[in-house]
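Below, each chain spelled out in residue letters.
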Amino acid sequence: LNPINLLEGDILLLCSDGLTDMLSDGEIQNVIQQYSKNLNKTVNNLIKEANGKGGRDNISIVLIQI
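Residues numbered from 1 in each chain as written. Predicted model: local features only at pLDDT ≥ 70, side-chain atom pairs only at ≥ 80, totals over all residues. Heavy atoms only, no water.

Engineer: Just to check I follow, could you spell out the overall build of the protein chain for this structure?
Structural biologist: The helix and strand inventory of the protein chain stands at 3 helices and 2 strands. For the protein chain, the sequential pattern of α-helices and β-strands runs β-α-α-α-β. For the protein chain, the spread of C-alpha atoms along the three principal axes comes to 35 × 30 × 20 Å. Within the protein chain, counting contacts between residues at least 6 apart in sequence, those at least 24 apart form 66% of the total. Within the structure as shown, the protein chain displays about 4800 Å² of accessible surface, and the carbon and sulfur contribution to it stands at 46%. Taken together, the 5 basic and 8 acidic charged side chains of the protein chain have centroids lying 10 Å from each other. (Helix = DSSP H or I, 4+ residues; strand = E, 2+ residues; numbered from the N terminus. Contact = heavy atoms within 4.5 Å. Areas by Shrake-Rupley, 256 points an atom, 1.4 Å probe, with all protein chains shown as cover. Lys, Arg positive; Asp, Glu negative; His and termini not counted. Charge placed at Lys NZ, Arg CZ, Asp CG, Glu CD.)

Engineer: I would appreciate a short explanation of the pattern of salt bridges in the present structure.
Structural biologist: A full pass over the atoms with the stated rule returns 1 salt bridge. A salt bridge links Glu27 to Lys53; the nearest nitrogen and oxygen atoms lie 2.4 Å apart. Placement of Glu27 in helix H2 (residues 25-35) and of Lys53 in the loop between helix H3 (39-52) and strand E2 (61-65) is noted, with a sequence separation of 26 residues between them. A relative accessible area of 27% places Glu27 in the partly exposed class. On the accessibility criterion, Lys53 (44% relative accessible area) is partly exposed. (Salt bridge = Lys/Arg side-chain N within 4 Å of Asp/Glu carboxyl O. Buried < 20%, exposed > 50% of the residue type's maximum accessible area, 1.4 Å probe, protein only.)

Engineer: Explanation requested: the environment of Gly9 in the structure shown.
Structural biologist: Within the element layout of this structure, Gly9 appears in the segment before strand E1 (11-15). Exposure remark for Gly9: the relative accessible area of 35% places this residue in the partly exposed category. Remark: the alpha-carbon pair of Gly9 and Ile47, spanning 38 residues in sequence, is separated by 22 Å.

Engineer: It is not clear to me how the packing of H2 against H3 should be interpreted in this structure. Could you clarify?
Structural biologist: One can describe the packing of H2 onto H3 by two numbers: an axis separation of 9 Å at closest approach and a directional angle of 150°. Judged on the interaxial angle alone, H3 and H2 are roughly antiparallel. You can see that H2 and H3 cross each other, and the crossing is right-handed. Here H2 contributes Ile28, Val31, Ile32 and Tyr35 to the contact with H3, which in turn contributes Leu39, Lys41, Thr42, Asn45, Leu46 and Glu49. Looking at the contact of H2 with H3, its residues break down into 6 nonpolar, 2 polar and 2 charged. (Axes fitted to C-alpha atoms, helices over the stretch in contact; angles between N-to-C directions. Parallel < 35°, antiparallel > 145°, perpendicular 65-115°, else oblique. Left-handed = near helix turned anticlockwise from the far one by under 90°. Nonpolar A, V, L, I, M, F, W, Y, C, P; charged D, E, K, R; others polar.)

Engineer: I keep staring at the nonpolar core and nothing clicks. Help me out?
Structural biologist: General note: in soluble globular proteins, nonpolar side chains tend to be found buried as a group. In this structure, Leu19, Met22, Leu23, Ile28, Val31, Ile32, Val43, Leu46, Ala50, Ile59, Ile61 and Leu63 together form the largest nonpolar core, which totals 12 residues. Of all the elements in the fold, those that place two or more residues in this core are H2, H3 and E2. If sequence neighbours within four positions are ignored, Ile59 has contacts with Ser16, Gly18, Leu19, Ile47, Ala50 and Asn51. (Core = buried A, V, L, I, M, F, W, Y, C linked by side-chain atoms within 4.5 Å.)

Keep in mind these numbers describe shape, not what the thing actually does.
As structure tokens, this is what we get:
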């Protein structure tokens, strides 16, 4: 195991390949940074962006803010 140190305000993303196959890491990071004050908006915009690029698979997303 490689533990990571989390700080207050950090956001963890758990998602399916339905998201990561459609958006690059940088695109995902940009959406998270843009909407980080509202996790519901963040999730909705991640799904919108992925669907906008074809959305070829189911998209599951969990965001957790420390």
